[in-house]
Amino acid sequence: MIKSLFLFALLAANPAVVSDPADNPGTPDCIIPKVVSYSESKGRLDLANGASYAIEGALSTDADVEVFGKYLEESQLALVKVNGPARKALVRFHIGPKELKGKPAGAYSLSVDAKGISVKAADVAGAFYAVQSLIQMRNSQDGTAIAACRIEDEPRYQYRGLMLDLVRHFESKDFVLRQIDMMALLKMNRLHLHLTDNEGWRIELDSAPEMVAEGAFGSSRFFNILRSNNPIGFCKAPEGYKTGTYYDDGAVCGGYYSKDDIREILDYAAARQIVVVPEIELPGHNKALLHVHPEFFCDGPHKVGDVVCPANEKVYDFFEKVIAEVIDMFPSEYIHVGGDEASKENWKLCSLCRKKIESEGLKDVLELQSYMIRRMDKYITSKGRRLIGWDEILEGGLSENATVMSWRGTGGGIDALSMGHDIVMSPNTYYYLDYGQDAPYKEPLAMRPFLPLKTVYDYDPEKEILESGKGRCDASSMHHLLGVQGNMWGEFVITEEHYEYMIYPRTYAIAETGWSPAGSKDYDDFRTRALAFNAWAMNNGYHPFDLAGEVGERAETKIELPRITKGAKVTVKIGGNEPQEEPLLADGFLAGWIYNDQGYWKRTPREEIIVEADLGESKDIHYIGAEFMDYRSKSYYLPEDTEFFVSEDGKEYVPVHVPRLCLERGRKSYGVFTVGSPVAVRARYVRLRFNTGSRKVSTGISELIVN
Ligand code: ACM
Ligand code: ZN
């Protein structure tokens, strides 16, 4: 304190000390993702826009170097090619020097002194990442000065991804380009575009022009809002629609990318060392396709749902021609075919499916899904590319060459790696960016209520794989873990600003896990950098969640509230089952923002539930109540009715009047609600009886409150 007061007095007396930003040069300790190592030395360099650059010893193709040079000119540094010998340039790149031999793609070293900057890079990507470190250092202060320093850096994983769902909420081409800029700054290198789903088909293709003409627009009410409650109503593309923009005239909304839009996105990404991975979903998530091609439904009376018939050759003809064209457009090694959440109900009733199961010697409908994925795998492999799919592609047997993207937690990825398959980890439990990131009462409605930055940051994919001890899950197989990816789904997104709000700053954490060395995690240090980076982002047109105002986990989880139930015997009786002891339900610690299986939010999936506390002896009671969770998108509803009773002997119970909750049934929200009332009674037993209202839903109870 004394020290900072002294510093303040000094600065106030001598304003020149703070007015020259060059006195406060950017240093490597601000960079996200954290660099492998750095040291600072005396001195600094002014890296004003328009500094000169030179590239030597190019290992990559001339075309790559040319694209990189163009990027340097257009980048935030606006570097200009040196006029004269390379040694005269302020920023000198040496690509492919001997000392970086054997280093992974993207590795670089960087040294800054008062005379200039020397970058050594394993490849053009490494040179590009050195530039991103320079930009971040420079942006971290108001001026253009960078401290003299040396950085050694290389990526931990070669797949550092972000998925954008452009179906549930279509985003403009410019929005996508802006996220590519941010990904580049964060040294991320895979942009997975979710381009087809129930709500629309977002890519124009010569092989299927009807899909954007008839399957990219629909009722406005359908988009933006929790999808299950909104009917799908597709319509033709509005006349005069400008591709690559989001259209919404109040009645109709949607959009798609033209082939030119896609080419622009691909070129922009490639110049920023980002590969765009296209996803064409099959067999499920295909209402848009089935709207345009109802002949792809299974036969029989059940023309509902979102799953195509895997026994219909016309379905294969369609997907093969679409994927062939996608392969021609996208240079990505990986083609994503989805594979998630495909209901098999229609297949069980379809005569074609039944015949296919018989003729192919398949065991069941799970193997039928596997049959379809294997066919697509064969097709994609025959074109020199690789298939990647969500972890459901494991069901019914995993195709030989397939790579698995683990989303239902980490289990699918671990299982696939244990069998020797390549995997990308994007578990919903850590990396789903459509989940809320702070106290739900201050956040927009989200798919789940609480996945804060720290949870995202703390995830280490290798640790879980090694700890699983399954099959080939040992250190020698870690090369099969290609990397990590954050997934941003759009069902709850209202605007582009909202979309960005969900992505950042959590994507900074995913970028750091993808790049920085194992064992280098330090959340406090990361958070300090994330705050500074976020401030820069907000000043530069991005709309991240304001980390500075983070509330975090519910304070009540950390404070022990007074309870006369402390030490009491607390039981829960669900339906006709025997009562089970649940001491956590009256321990004075309220549950956190999200349901967890640790017994805090007790899920009660039957019609009638009785919670009872035996205080051990008769006591004066001044308050009786209970706390419940309302979390409708996960089928947790508030209780239909609640009744409280007390008893002296555990046999004769008398009701205690506590007003019931009275909330509108159709609300879509997350909330924590207390039912309770002051009372004046003396009793040994307290009983709460409530009803979930339906067998289909659950009620989440955090605490029986008795004081
Ligand atoms: C998914 O979230 N259904 C991949
Ligand atoms: Zn069928």
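For the structure given in this document, a descriptive report is provided here.

Rules used throughout
- Residues numbered from 1 in each chain as written.
- Chains lettered and ligands numbered in written order.
- Predicted model: local features only at pLDDT ≥ 70, side-chain atom pairs only at ≥ 80, totals over all residues.
- Heavy atoms only, no water.
- Helix = DSSP H or I, 4+ residues; strand = E, 2+ residues; numbered from the N terminus.
- Rg over C-alpha atoms; globule rule 2.2 N^0.38 Å.
- Buried < 20%, exposed > 50% of the residue type's maximum accessible area, 1.4 Å probe, protein only.
- Pairing = 2+ DSSP bridges.
- Axes fitted to C-alpha atoms, helices over the stretch in contact; angles between N-to-C directions.
- Contact = heavy atoms within 4.5 Å.
- Donors = N, O, S within 2.8 Å, 3.2 Å for Na, K, Ca; no water.
- Tetrahedral: all angles 85-135°; square planar, octahedral: opposite > 155°, others 65-115°.
- Parallel < 35°, antiparallel > 145°, perpendicular 65-115°, else oblique.
- Left-handed = near helix turned anticlockwise from the far one by under 90°.
- Nonpolar A, V, L, I, M, F, W, Y, C, P; charged D, E, K, R; others polar.
- 1 Å grid on protein atoms, 1.4 Å probe; cavity = no way out; pocket = protein on both sides within 12 Å on 5 of 7 lines; lining within 4 Å.
- Points joined across faces, edges and corners; volume = space filled by probe spheres on them.
- Core = buried A, V, L, I, M, F, W, Y, C linked by side-chain atoms within 4.5 Å.

## Describing the overall build of the protein
Then comes step 1: Each helix and strand counted, the protein has 19 helices and 29 strands in total.
Then comes step 2: Here the C-alpha radius of gyration of the protein, 29 Å, is about what a compact globule of 707 residues would show, namely 27 Å.
Then comes step 3: Dimensions along the principal axes, computed over C-alpha positions, put the protein at roughly 100 × 80 × 55 Å.
Then comes step 4: Counting across all 707 residues of the protein, residues that qualify as buried make up 56%.

## Points about the sheet that holds strand 16 (residues 275-282)
Then comes step 1: In spatial order, the strands read 8-9-16-17-18-19-20-21; together these 8 strands close into a barrel with parallel pairing. Neighbour-to-neighbour, the strand axes of the sheet open up by a mean angle of 30°, direction not taken into account.
Then comes step 2: Sheet contacts for helix 16 (residues 461-468): strand 20 (423-425) and strand 21 (481-488); angle to strand 21, the most-contacted strand, approximately 120°.

## What about helix 18 (residues 506-515)?
Two residues of an α-helix separated by three or four positions point the same way, owing to the 3.6 residues in each turn.
Then comes step 1: Along helix 18, 10 of the 10 residues are buried, which leaves the element largely enclosed by surrounding structure.
Then comes step 2: Among all positions of helix 18, only Arg-506, Thr-507, Tyr-508, Ala-509, Ile-510, Ala-511, Glu-512, Thr-513, Gly-514 and Trp-515 are buried.

## Regarding unusual backbone geometry
Then comes step 1: In this structure, the amide linkage connecting Ile-32 to the following residue, Pro-33, adopts the cis form with an omega of -5°.
Then comes step 2: Note on placement: Pro-33 falls in the loop between helix 2 (16-19) and strand 1 (37-46).
Then comes step 3: For the peptide bond that leads from Tyr-504 to Pro-505, omega is 10°, which places it in the cis range.
Then comes step 4: Following the sequence through the fold, Pro-505 ends up in the loop between helix 17 (496-503) and helix 18.
Then comes step 5: The backbone phi angle of Gln-273 is positive, close to 60°, even though this residue is not glycine.
Then comes step 6: Relative to the helices and strands, Gln-273 resides in the loop between helix 7 (259-270) and strand 16.
Then comes step 7: Exposure remark for Gln-273: the relative accessible area of 23% places this residue in the partly exposed category.
Then comes step 8: Non-glycine residue His-285 carries a positive phi angle of around 55°.

## Side note on the coordination of the zinc ion (ligand 2)
Then comes step 1: Binding of the zinc ion (ligand 2) to the protein goes through Cys-298 (SG), Cys-309 (SG), Cys-350 (SG) and Cys-353 (SG), at separations of 2.3 to 2.4 Å.
Then comes step 2: With 4 donor atoms in place around the zinc ion (ligand 2) and angles of 105 to 117° between them, the coordination shape is tetrahedral.
Then comes step 3: Of note, the zinc ion (ligand 2) draws all its donor residues from one chain, in the sequence arrangement C-x10-C-x40-C-x2-C. Of this pair, Cys-298 sits in the loop between helix 8 (287-292) and helix 9 (313-329) while Cys-350 sits in the loop between helix 10 (345-349) and helix 11 (351-359); the two residues are 52 residues apart in sequence, bridging distant segments of the chain. Comparing Cys-298 with Cys-350, the two get one shared label, buried.

## Things to note about the packing of helix 5 (residues 173-185) against helix 17
Then comes step 1: At a minimum axis distance of 11 Å, the contact between helix 5 and helix 17 shows a crossing angle of 25°. Accordingly, the angle class assigned to the pair helix 5 and helix 17 is roughly parallel. Crossing hand, helix 5 versus helix 17: right-handed. In this structure, helix 5 uses Phe-175, Arg-178 and Gln-179 to contact helix 17, whose residues at the interface are Glu-496, Tyr-499 and Glu-500.
Then comes step 2: Of the residues contributing to the contact of helix 5 with helix 17, the split by class is 2 nonpolar, 1 polar and 3 charged.

## A look at the pairing of strand 25 (residues 608-631)
Consecutive side chains along a regular strand alternate between the two faces of the sheet.
Then comes step 1: When strand 22 (residues 569-574) meets strand 25, the two strands line up antiparallel, connected through 6 bridges. For Val-572, the partnering residue across the bridge sits in strand 25 and is Val-611.
Then comes step 2: Two elements, strand 25 and strand 28 (residues 670-691), share 19 bridges in a ladder whose sense is antiparallel. The partner of Glu-608 across the bridge, within strand 28, is Asn-691.
Then comes step 3: Across 6 bridges, the pairing between strand 25 and strand 29 (residues 699-706) is antiparallel. Bridge pairing links Met-629 to Gly-700 in strand 29.

## Quick word on the sheet that holds strand 1
Then comes step 1: Strand order in this open sheet of 7 strands is 1-7-5-6-4-2-3, and the pairing throughout is mixed. Each end of this open sheet is capped by a strand with a single partner; those strands are strand 1 and strand 3 (80-81).
Then comes step 2: Inspection of the sheet shows strand 5 (residues 108-113) paired to strand 7 (residues 145-153) by 5 bridges, in the antiparallel sense. When the bridges of strand 7 are listed, Val-112 appears paired with Cys-149.
Then comes step 3: Set on the sheet, helix 3 (residues 62-74) makes contact with strand 2 (52-56), strand 3 and strand 4 (91-95); between it and strand 2 the angle comes to about 165°.

## Overview of empty space enclosed by the protein
Then comes step 1: Overall, the coordinates contain 2 cavities of 30 Å³ or more when judged by the stated rule.
Then comes step 2: Within this model, the largest cavity holds a volume of roughly 40 Å³.
Then comes step 3: Taken together, Asp-434, Leu-445, Ala-446, Met-488, Trp-489, Phe-492, Val-493, His-498 and Met-502 make up the full set of residues lining the largest cavity.

## What about the nonpolar core?
Then comes step 1: One finds Phe-319 and Tyr-508 to be the most contacted residues of the largest nonpolar core, which totals 171 residues.
Then comes step 2: With residues near it in sequence (within four places) discarded, Tyr-508 still touches Ile-32, Met-182, Leu-186, Phe-526, Ala-530, Phe-533, Asn-534, Ala-537 and Pro-544.
Then comes step 3: Listed in part, the 28 residues of the second largest apolar core include Phe-628, Val-658, Val-675 and Leu-688.

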